[in-house]
Amino acid sequence: MGRARTIARRSFIIGSAAIAGGVAFGAYMVRKPHDNPLTADAGEAVFNPWVKIDADRITLITPHTDIGQGAAHMQATLIAEELDVELDQITTAPGVPAAAYYNTALAGDAVPFKFNDDGFGAQTMRGVMSAAIKLLGAQVTGGSTSVPDSFDKLRAAGATARETLKLAAAQETGFAVADMRTEAGQVILPDGTKRAYTDLAATAATLEPVTDVPLRDPAQWRLIGQDVQRLDIKAKSTGTQTYGIDLEMDGMLHASVRMNPYKGGAMQSFDASGAKDMRGVQKIVALDGGVAVIADNTWRAFRALEEIDITWGDGPYPAQQADHWAEVAASFTPERLDKEWRADGDVDAALDGAQVIEAEYRAPYVAHQPLEPLSAVVKVGDDRVDIWAAHQLPRFVQQRVAAALGRDAEDIHLHNQYAGGSFGHRLEFDNIDRAVDVARQMPGTPIKLTFRREEDFVQDYMRQIGMARGRGAVAQGQVTALDLDIATVSAARSQAARLGQPLPGPDTQIAAGAWNMRYAIPDLRVRAYAVPELAPTSSWRSVGASTAGFFAEGFMDEVIHAAGADPLEERLRLANDPDARHVLEAVGEMSDWGAPLAPGSGRGVALVTSFGVPTAEVVEVTNTPDGIRIDRVWVAAEVGRVVDPVTFENVVAGGVIWGLGHAMNSEITYDAGVPEQTNFHMAEGMRLHQCPVIEVRGLENNSQIRGVGEPPVPPAPAALANAIYVATGTRLREMPFWNTVDFV
Amino acid sequence: MKRLALGLGLALSATGVLAQDTDRDAGLAAWADIYAVASHPRCTNCHVGAAGRPGWAGLGYGPDRLHAMNIIAGESRIGAESVPCRTCHIGAAGANDRPHAAPQIDDAWRLPPVELAWRGKSSAEVCRQLRNPDTNDGFDMAALSDHLAQSAFVNWGFTPGGGRDAAPGTLAQLLENLDIWVAAGTPCDNAG
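Being a predicted model, the structure only gives us computed values, none of them experimental. (Residues numbered from 1 in each chain as written. Chains lettered and ligands numbered in written order. Predicted model: local features only at pLDDT ≥ 70, side-chain atom pairs only at ≥ 80, totals over all residues. Heavy atoms only, no water.)

Student: Help me understand the overall build of chain B, please; the structure alone is not making it clear to me.
Tutor: Secondary structure summary: chain B contains eight helices and two strands in total. Overall, chain B shows an N-to-C arrangement of helices and strands of α-α-α-α-β-β-α-α-α-α. Looking at chain B residue by residue over its 192 residues, the buried ones come to 43%. A separation of at least 24 residues holds for 58% of the contacts in chain B among residues at least 6 apart in sequence. Just so you have it, chain B exposes about 9,100 Å², and 57% of that area is on carbon and sulfur atoms. (Helix = DSSP H or I, 4+ residues; strand = E, 2+ residues; numbered from the N terminus. Buried < 20%, exposed > 50% of the residue type's maximum accessible area, 1.4 Å probe, protein only. Contact = heavy atoms within 4.5 Å. Areas by Shrake-Rupley, 256 points an atom, 1.4 Å probe, with all protein chains shown as cover.)

Below you can see the structure in the form of structure tokens.
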């Protein structure tokens, strides 16, 4: 923990400001002349807050968006650990969008270097990227960075608040700070008297805050690493958790939209005569590229939309799915080489004259399909615009809406909400943009825009479509050479273009999870090819690794089988770093790898590193008369530190289910430019009865704290395909697998 | 008209006069069309065995497969032991225009009796099963015809709505084929 202490001393100072008799504590990077001052609601003098205490309550600000991953709970836990409050003593709030909440952990995976590469080039690029992110004030929830971004600085925020409260108690009582301790939201004085933080707030607000606070040794932690009941579990278990889509306001109207499903195409004309007199319909609004209905409730808006005849214009990408695939297949050319990421040994020489194993892999477009469809409430007022929506990029929302309405960013107030899932969907802006388009037509009225599920699917920006071509060679029962060419459209460029952000250099995500494979194969080459933009794409949980990880570990398994080697033993033999070996050993032990299996059963293993987390999974399946049954999954991930074991297990298991479910049955195909799958019955993920028993283990050997939202996803499809091969002899090289095998 | 034709066919076949003269090939051809209906997923989804697990098919559901949500109709065949079919298939005739909504008919949703299970069976197996009251839930041919004509399930199978695949042909054609098959003496292809 020496590193954390150093950071706390070097990089953080305390900010404090009076808030209606209370005090706000925070920490922010010292050397940041370009950081904007904090935004605040009218009448509040708040800046950089993570801890807010007034005479009534202790409020912890949790600016990472909670999209179901437990971010609010995690952030509160880290602050509470050092603040010495119990979780039932506090309330949490997402705070306002602020540059001070820029993501300090985002740079690591945004540069084309392995996360553990400490070379000059890697460090320089990370520095440049960090500076850019800081300058942008990029408050981002994504890239599995919420924990690494929060781990040091939120504990520091809690510690500084605690020490300042002790100082306030000293001033009020005359006792020495050194003789005080804190517990459960109180300062305990030497005579045993207890002073509640809330009672000390007014005095604390008048003090110069304590600036140099060492963080506690992990041996003293009360909350981190313990089974602590998650803050939102009661509300979620009882159905009382409110999400953005649940909001109700006085005078609110409800809207829904139909936009051109051939994304990017125009709306040529529409006839709303069949809808305008329908019950509850208040207004029908033409938008750029679509139409909206404002009604007195959501359902009536939905139904009215269906009665509008619309003529759509064509979009800018191939109309038929086959043409998408043809473009991908034509992309393995020198002109489209994005980067040769890995060139160990001499692959060409190794394959020349060898008996070459060859295979082609494919991954389709898939939608994000969160259970809560996109929504947003917007109220356009004379001097302020209020937006209630769940978004992973709060400050970008502010800036975007300000630009759209010709107002100052300070006048745009985003009230970030809990999200019923995102998986990357809430990094896009369609719900915000459309809600603003509609609400500006009725100033002063809060309007809730809710996308129909079908609209949510069709207007989504899909996961990148891609293919891989692999060649491999074996000798004496070992893998000796592997050559992997991966071609996908660049989701990063597609997304960045919509944000108006340049994206220099190669796309790190095309071959993510493949080029950084932790194997010492003597002759190993991984090349990424960028397919020109087709249908627009976006970050999808685990991004590039969700496709390239499948390609790499599926093909790797083929080559291992061709060598006649054991899939786990050979991976262990090739593993070139301790973390990779540890996670493989862990799943081997957990699954009792090598133990005899029932007839018709098979096991597959896969190891993929994404977002700095080497994650190994073993999947066990049984080939039943009705189809493949997925029985059990074992997962081990090296994350440096598990903040909350229960949440960790749930997030990892959720990632496995997500990865398996999509590998089984989800794809988006285009016909006449339009997605053919429009609801869960056509892309359903995993059903409850299909869910295997999942056993999770978090390893804490590495000094780097890592997030685990995405890393459990990429190994799942490969481990499943590898298990099905063992059980059936059928090698699955193309997702979704249900096009080839049945699942029960 | 077809009720009359069936009555006539049954009467005549009962006398043993016309049946022998009826073209067996025509009967077998009619049976082939009946089997095309019986073996269609729209029908086999429910004509399942003792496991009581209905199937799902069509509408982008991918390959014909077991009903999702782990639905088991149980020995009761109505799901009484776990989740009643009526939890979702609420039992009133619906417009059935929402592909992802549970379809509704004007009857209590349930699986047919186990004796009428024919999912996965060959044409000849189903044929012999269907003409024998011991294995067809006690129907004589007239009652079977009435059942097909009146069953809300069978009707729905031809007009499932919401973009679902319908059973091939029409209900009228099915009944007509049944008449021909019965008039021909319910022949079954021995090859199966």
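Moving on from the model shown.
Student: I tried to follow the overall build of chain A on my own but got confused; where do I start?
Tutor: Check the secondary structure of chain A and you find 19 helices and 28 strands. Taking 27 Å as the expected radius of gyration for a compact globule of 744 residues, we find that chain A reaches 27 Å, a close match to that expectation. Going through the 744 residues of chain A one by one, you find that 61% of them count as buried. Sequence separation of 24 or more characterises 77% of the internal contacts of chain A that already satisfy a separation of 6 or more. As presented, chain A carries roughly 26,900 Å² of accessible surface, and 49% of it is formed by carbon and sulfur atoms. (Rg over C-alpha atoms; globule rule 2.2 N^0.38 Å.)

Student: Sorry if this is basic, but what is going on with the interface of chain A and chain B here?
Tutor: Where the parts come together, the accessible area they lose is often given as the size of the interface. Taken together, the contacts link 15 residues of chain A with 17 residues of chain B. By the criterion of area lost to chain B, the three top residues of chain A are His681(A), His689(A) and Trp738(A), representing 45% of everything that side buries. At the junction of chain A and chain B, the tally comes to one salt bridge. Across the chain A-chain B interface, the total number found is three residue pairs in polar contact (both at pLDDT 80 or more). (Buried area = accessible area lost by both parts, 1.4 Å probe. Salt bridge = Lys/Arg side-chain N within 4 Å of Asp/Glu carboxyl O. Polar contact = N/O pair within 3.5 Å; in protein donor to acceptor, adjacent residues only side chain to side chain.)

Student: I would appreciate a short explanation of the confidence of the model for chain B in the present structure.
Tutor: Interpretation of this model should avoid reading the predicted coordinates in detail wherever pLDDT is low. All names here are of chain B. Model confidence for chain B is summarised by a mean pLDDT of 84, while 84% of its residues fall at 70 or above. Note on residues 1-17: pLDDT is under 50 here. Beyond four places in sequence and across chains, it has 19 contacts. Scoring of the predicted complex yields 0.88 for pTM and 0.71 for ipTM. (pLDDT = per-residue confidence, 0-100.)

Student: Would you mind showing me how to read the state of the cysteines here?
Tutor: Here a disulfide denotes one covalent bond, and it connects the sulfur atoms of two cysteines. Enumeration over the complete set of coordinates arrives at one disulfide over all chains. Between the sulfur atoms of Cys127(B) and its disulfide partner Cys188(B) the distance amounts to 2.0 Å. Sign of the S-S torsion, about -85 degrees for the bond between Cys127(B) and Cys188(B), identifies this disulfide as left-handed. Here Cys188(B) lies in the segment after α8 (171-183) and Cys127(B) lies in helix α5 (residues 123-131), a separation of 61 residues in the sequence. For Cys127(B), a relative accessible area of 0% translates into the label buried. Residue classification places Cys188(B) among the buried positions, given a relative accessible area of 3%. Just so you know, Cys691(A) is unpaired, no disulfide at all, and the nearest cysteine sulfur is the one on Cys88(B), 20 Å from it. The cysteine Cys43(B) is free of any disulfide, with Cys46(B) supplying the nearest cysteine sulfur at 8.6 Å. (Disulfide = S-S within 2.5 Å.)

Student: Help me understand the environment of Gln464(A) in this model?
Tutor: Residues and elements named next belong to chain A. Looking at where Gln464 falls in the secondary structure, it is placed in the loop between α13 (453-458) and β20 (466-475). Distance from Gln464 to Ala363, taken between C-alpha atoms, is 8.1 Å for residues 101 residues apart in sequence. In this structure, Gln464 is in contact with Ala363, Pro364, Thr488, Val489, Ala491, Thr537, Ser538, Val543, Gly544, Ser546 and Thr547, ignoring residues within four places of it in sequence. A polar contact of 3.1 Å, which involves the side chain of Gln464, links it to the backbone oxygen of Val543. In terms of polar contacts, Gln464 uses its side chain to reach the side chain of Thr547, at 3.1 Å.

Student: Mind showing me how you'd approach the nonpolar core here?
Tutor: Most often, soluble globular proteins have nonpolar side chains that are buried together. All names here are of chain A. Counting 86 residues, the largest nonpolar core has Ile486, Ile630, Leu720, Phe737 and Phe743 as the members making the most contacts within it. With nine residues, helix α15 (residues 545-563) is the largest single contributor of residues to this core. If sequence neighbours within four positions are ignored, Phe737 has contacts with Phe550, Ala663, Met664, Pro717, Leu720, Ala721, Leu732 and Phe743. (Core = buried A, V, L, I, M, F, W, Y, C linked by side-chain atoms within 4.5 Å.)

Student: Even after reading the chapter, I still don't get the sheet that holds strand β23 (residues 601-610) of chain A, so can you show me in this structure?
Tutor: Picture the strands of a sheet paired through backbone hydrogen bonds; they go either parallel or antiparallel. Residue and element names in this part refer to chain A. Ordered in space as β23-β24-β25-β28, the four strands form an open sheet in which the pairing is mixed. Every interior strand has two partners, whereas the edge strands, β23 and β28 (693-699), have only one. The sheet shows a mean angle of 15 degrees between the axes of neighbouring strands, taken without regard to direction. Of the strands in this sheet, β23, β24 (613-624), β25 (627-638) and β28 touch helix α17 (residues 578-591), which is tilted by about 135 degrees from β25. Strand contacts of helix α19 (residues 715-728): β23, β24 and β25, with the helix running at about 155 degrees to β23, the strand carrying the most contacts. (Pairing = 2+ DSSP bridges. Axes fitted to C-alpha atoms, helices over the stretch in contact; angles between N-to-C directions.)

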